[in-house]
Amino acid sequence: MLQSWPTICVLFAAPLAWQDEFDRQYAVETLDFETERDLLRMCLQMAQRAINLRFNFCTTPQFLEEVTKGCKVMYLSGHGNPG
């Protein structure tokens, strides 16, 4: 019988800009996705837990796909509004 491990879906949001109340746009600093991914893997290895990790960029279709696949735990990584 095949073991079904729990899955954590990791979605990264990477907007290119944000807009203030005066409609001025500003560039957004890129997140360090690779380091975050490595840290998540390391933490799960240290916890000695058998868990599948799926990584992707956060878009509405991707979010809906993960939910449809039955993902029970979703980790969202992204920027907040500076204000």
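Here, every reference points to the structure presented above.
Residues numbered from 1 in each chain as written. Predicted model: local features only at pLDDT ≥ 70, side-chain atom pairs only at ≥ 80, totals over all residues. Heavy atoms only, no water.

1. Some points on the nonpolar core
Next up, step 1: If you look at the biggest cluster of nonpolar residues, it comprises five residues: Ile8, Val10, Phe12, Phe33 and Leu44.
Next up, step 2: Breaking this core down by element, the ones donating at least two residues are strand S1 (7-12) and helix H1 (33-46).
Next up, step 3: When residues in this core are grouped by element, the largest group, three residues, is from S1.
Next up, step 4: The contact partners of Phe12, leaving out residues within four places of it in the chain, are Phe33, Glu36, Arg37, Phe55, Asn56, Phe57, Cys58 and Ser77. (Core = buried A, V, L, I, M, F, W, Y, C linked by side-chain atoms within 4.5 Å. Buried < 20%, exposed > 50% of the residue type's maximum accessible area, 1.4 Å probe, protein only. Helix = DSSP H or I, 4+ residues; strand = E, 2+ residues; numbered from the N terminus. Contact = heavy atoms within 4.5 Å.)

2. Focus on a nonpolar patch on the surface
Next up, step 1: Together, Phe63, Leu64, Val67 and Leu76 give the surface a local cluster of nonpolar side chains, amounting to about 360 Å² of exposed area.
Next up, step 2: It is helix H2 (residues 60-68) that provides the largest number of residues to the nonpolar patch, a total of three residues.
Next up, step 3: Relative to the assigned elements, Val67 resides in helix H2. (Patch = residues over 30% accessible without salt bridge, like charges linked within 9 Å, V, L, I, M, F, W, Y side chains within 5 Å. Areas by Shrake-Rupley, 256 points an atom, 1.4 Å probe, with all protein chains shown as cover. Salt bridge = Lys/Arg side-chain N within 4 Å of Asp/Glu carboxyl O.)

3. Digging into the sheet that holds strand S5 (residues 73-77)
Next up, step 1: With parallel pairing, three strands are arranged side by side in an open sheet as S4-S1-S5. Only two strands of the sheet have a single neighbouring strand rather than two, namely strand S4 (52-57) and S5. The mean angle between the axes of side-by-side strands here comes to 20 degrees, regardless of whether they run parallel or antiparallel.
Next up, step 2: In this sheet, S5 lies alongside S1 in parallel orientation, the contact comprising five bridges. Counted as the bridge partner of Cys9 is Met74 from S5.
Next up, step 3: Across the sheet, H1 is in contact with S1, S4 and S5; its angle to S4 comes to roughly 170 degrees.
Next up, step 4: Packed onto the sheet, H2 meets S1, S4 and S5 and runs at close to 175 degrees relative to S1. (Pairing = 2+ DSSP bridges. Axes fitted to C-alpha atoms, helices over the stretch in contact; angles between N-to-C directions.)

4. Comments concerning unusual backbone geometry
Next up, step 1: If you check the backbone angles, Asp23 has positive phi at about 65 degrees while not being a glycine.
Next up, step 2: Residue placement: Asp23 occurs in the loop between strand S2 (17-19) and strand S3 (25-27).
Next up, step 3: Located in the positive-phi region is Gln48, a residue other than glycine, with phi close to 55 degrees.
Next up, step 4: With respect to the helices and strands, Gln48 occurs in the loop between H1 and S4.
Next up, step 5: The class for Gln48 is exposed, based on a relative accessible area of 69%.

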